[in-house]
Amino acid sequence: MTDFRDHYLAEMRSQFAKLRSTAERAMAQVSDQDFARQLDEENNSIAITVKHIAGNLRSRCTDFLTSDGEKPDRDRDGEFVVGPGDTRSALMAQWQAGWDLLDRMVGALSAGDVERTVYIRAEPHTVAQALNRHLGHMAYHTGQIVQLAKHWAGTDWRTLTIARGQSRQFTAAKREELATPSS
């Protein structure tokens, strides 16, 4: 019998991958100008959100089991400022490195790690709690990226999930697909 904790870790890895894919498919639909564009001074651009996620992933996932998730060298406040070197390609390289680090970190965890204690800003969490917290944080920011990308893309937006008005057809096709034995 497979340990539930193995299923949990596999599902976390899958959900993180889905969030990454969703955000990347949304960002692919915006120009470099819109990538860096803010709705107003109080809102983050996609670029700022990417920079923040990259910084968060690097901090939280480096030495996940053995050091506090808020690393001393992290400049969280600086993640919300776009500097001259923060080009789209530079930020996307940081994004990729952060998500790759997350994938390796979750992939290296074993069932026995799920109940271990880790720390984020000196606050104790089980590994499961820390991963759930991280999933919520990534989902929050993925939603922001999608909303901004959809706004900037306007009528050129290509839906990332089920197209508006197509729910019944999608569900029927999915049911048929699942009912048909594969050869």
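So, a few notes on the structure that sits alongside this text. Every chain begins its residue count from 1, and numbering advances along the sequence as written. Residue-level local features of this predicted model are given only where pLDDT is at least 70; pairs of side-chain atoms are given and counted only at 80 or more, and the full residue set underlies all totals for whole chains, interfaces and linings. Values reported for side chains reflect all heavy atoms of the structure, with hydrogen atoms and water molecules removed beforehand.

### Examining the packing of aromatic side chains
Aromatic ring pairs: the centre-centre distance and the angle between the two ring planes describe each pair. Selection rule: Ring pairs shown here join Phe, Tyr and Trp side chains whose ring centres sit within 6.5 Å, with only the six-membered ring taken for Trp; geometry is labelled stacked below 30 degrees between planes, edge-to-face above 60, and tilted in between. Helix and strand assignments follow DSSP, with helices taken as H or I runs no shorter than four residues and strands as E runs no shorter than two, numbered in order from the N terminus. Relative accessibility under 20% of the residue-type maximum defines a buried residue, over 50% an exposed one, and the middle range a partly exposed one, all with a 1.4 Å probe and only protein chains included.
Scanning all chains against the criterion turns up one aromatic pair. Between the aromatic rings of Trp 95 and Trp 99, the centroid separation amounts to 5.5 Å while the plane-to-plane angle is 55°, which identifies the pairing as tilted. Residue Trp 95 and its partner Trp 99 are both found in helix α4 (residues 88-108); the two are separated by four residues, about one turn of the helix. Both residues of the pair, Trp 95 and Trp 99, belong to the buried class.

### Concerning the packing of helix α3 (residues 46-61) against helix α5 (residues 127-153)
So the rule is basically this: Axis definition: a line fitted to C-alpha atoms, limited for helices to the stretch in contact. Angles are taken between N-to-C directions and run from 0 to 180 degrees. We call two directions roughly parallel when the angle between them is under 35 degrees, roughly antiparallel when it is over 145, roughly perpendicular when it lies between 65 and 115, and oblique otherwise. In this scheme the crossing of two helices becomes right-handed for a clockwise turn of the near helix relative to the far one and left-handed for an anticlockwise turn of less than a right angle. Contacts are assigned to residue pairs with any non-hydrogen atoms lying within 4.5 Å of each other. Lys, Arg, Asp and Glu make up the charged group, whereas Ala, Val, Leu, Ile, Met, Phe, Trp, Tyr, Cys and Pro make up the nonpolar group; the residues left over, Gly among them, are polar.
Contact geometry of α3 with α5 gives a least axis separation of 10 Å together with a crossing angle of 165°. The orientation of α3 with respect to α5, classified from their angle, is roughly antiparallel. As α3 packs across α5, the resulting crossing turns out to be left-handed. Every residue of α5 that contacts α3 at Ile 46, Thr 49, Val 50, His 52, Ile 53, Asn 56, Leu 57, Arg 60 and Cys 61 is listed here: Arg 133, His 134, His 137, Met 138, His 141, Gln 144, Ile 145, Leu 148, Ala 149 and Trp 152. When its residues are assigned to classes, the contact of α3 with α5 shows 10 nonpolar, seven polar and two charged.

### Description of the environment of Glu 115
Let me state the cut-off plainly: Counted as a polar contact is a pair of N or O atoms within 3.5 Å, where, for protein atoms, one must be capable of donating a hydrogen and the other of accepting one, and residues adjacent in sequence contribute only when both atoms are in side chains.
Inspection of the secondary structure assignment puts Glu 115 in the loop between α4 and β1 (117-120). What makes Glu 115 exposed here is its relative accessible area of 58%. Considering only alpha carbons, one finds Glu 115 and His 125, 10 residues apart in sequence, at a separation of 8.9 Å. Ignoring anything within four residues of it in the chain, the contact list for Glu 115 reads Arg 5 and Thr 126. A polar side-chain atom of Glu 115 sits 3.4 Å from a polar atom in the side chain of Arg 5.

Geometric descriptors of this kind do not, in isolation, establish any biological role.
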